[in-house]
Amino acid sequence: MRFAVAGAGAVLLLAGCSSSSDSAPALSVGAAYIPQPVSDMAAGFLTISNKGGTQDELTSVTSAAGPVTVHETSGGTMSEVTSLPVPAHGQLVFKSGGNHLMFEKLERKPRQGEKVTVTLHFAESKALEVEIPVESATYVPKTGN
Ligand code: CU
C-alpha cells in the first residue's frame, strides 16, 4: 500500500517535469492601433500571441508619450488591472469593448498616420517595443482572428 502511494507521487512529479521543460514563452505583437484621440486620453489595441508552451504575463506598459495603464472591461465597466495572462499557445487580445491600453495624459495629441511607441513588459519574456499606428477615430480593424 505504501509503495502504491509513493508510485503515484512519482508519476505526478514526472508530469510536472515534462510540462515545465516545455518551450519558453515566444511572444509577438500584431493588429496594433490607436484610434485618433479627441482629447489627451486615448485607447490602444493590439494582440499579443504566444507560440511558446509556457504562459507569460503582461505586467506593465510604458511610453514616452505619457502614462499608460492596462484596463479590462467586464459588464460594460472598465477597470485597471496590474497584469493580464498571455496563455501558452494562445493570445492576449486587446480590442474595442474589451481589454485596452489607456493613455491617460498624452503629452501631445497624436494624429492619424503617426505612431506611438510603447514598451510592453512581461513577467518572463524580454520587454517588447511596439510602434502603434494612429488610425482614424472610426477605424475598425479587419476581422479574421
Ligand atoms: Cu479604460
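Since the model is a prediction, treat every value here as computed from it, not as a measurement. (Residues numbered from 1 in each chain as written. Predicted model: local features only at pLDDT ≥ 70, side-chain atom pairs only at ≥ 80, totals over all residues. Heavy atoms only, no water.)

Here's the deal with the coordination of the copper ion
Stage number 1. Each protein donor to the copper ion is listed here as His71 (ND1), Met78 (SD), His100 (NE2) and Met102 (SD); together their distances run 2.0 to 2.5 Å.
Stage number 2. Classification of the site at the copper ion rests on its four donor atoms, whose angles at the metal span 95 to 129 degrees, yielding the label tetrahedral.
Stage number 3. Linear spacing of the donor residues for the copper ion on their chain is H-x6-M-x21-H-x1-M. Note that histidine 71 is positioned in strand 4 (residues 68-74) and methionine 102 in strand 8 (residues 100-103), a separation of 31 residues in sequence. Residue histidine 71 shares its accessibility class with methionine 102, and that shared class is buried. (Donors = N, O, S within 2.8 Å, 3.2 Å for Na, K, Ca; no water. Tetrahedral: all angles 85-135°; square planar, octahedral: opposite > 155°, others 65-115°. Helix = DSSP H or I, 4+ residues; strand = E, 2+ residues; numbered from the N terminus. Buried < 20%, exposed > 50% of the residue type's maximum accessible area, 1.4 Å probe, protein only.)

A look at the environment of glutamate 80
Stage number 1. Counting through the fold element by element, glutamate 80 comes out in strand 5 (residues 77-81).
Stage number 2. Overall, glutamate 80 belongs to the exposed group, its relative accessible area being 55%.
Stage number 3. In sequence terms glutamate 80 and leucine 101 are 21 residues apart; their C-alpha atoms lie 9.5 Å from each other.
Stage number 4. Every residue in contact with glutamate 80, bar those within four places of it in the chain, is listed here: Thr69, Val70 and His71. (Contact = heavy atoms within 4.5 Å.)

A look at the pairing of strand 10 (residues 128-135)
Stage number 1. Note: strand 1 (residues 27-35) against strand 10, two bridges, orientation parallel. Residue pairing in the sheet places proline 35 in a bridge with glutamate 135 of strand 10.
Stage number 2. Counting the residues between successive antiparallel strands, the hairpin from strand 9 (residues 115-122) to strand 10 contains five residues. (Pairing = 2+ DSSP bridges.)

Examining unusual backbone geometry
Outside of glycine, negative phi angles account for most residues, and trans bonds account for most peptide bonds.
Stage number 1. Phi is positive for alanine 31, which is not a glycine, with a value near 55 degrees.
Stage number 2. A positive phi angle, close to 50 degrees, is found at histidine 89, a residue other than glycine.
Stage number 3. With respect to the secondary-structure elements, histidine 89 resides in the loop between strand 6 (84-86) and strand 7 (90-93).

Some details on the packing of aromatic side chains
Geometrically, a pair of aromatic rings is defined through the distance of the ring centres and the angle of the planes.
Stage number 1. Inspection of the entire model under this criterion finds two aromatic pairs.
Stage number 2. With centroids separated by 5.2 Å and ring planes inclined at 40 degrees, the aromatic side chains of tyrosine 33 and phenylalanine 45 adopt a geometry described as tilted. Taken together, the residues span a long stretch of sequence, with tyrosine 33 in strand 1 and phenylalanine 45 in strand 2 (residues 42-50) at a distance of twelve residues.
Stage number 3. The buried category is assigned to tyrosine 33, whose relative accessible area is 5%. (Phe/Tyr/Trp six-rings, centres within 6.5 Å; stacked < 30°, edge-to-face > 60°.)

Note that all results are geometric; they support no functional claim without further evidence.
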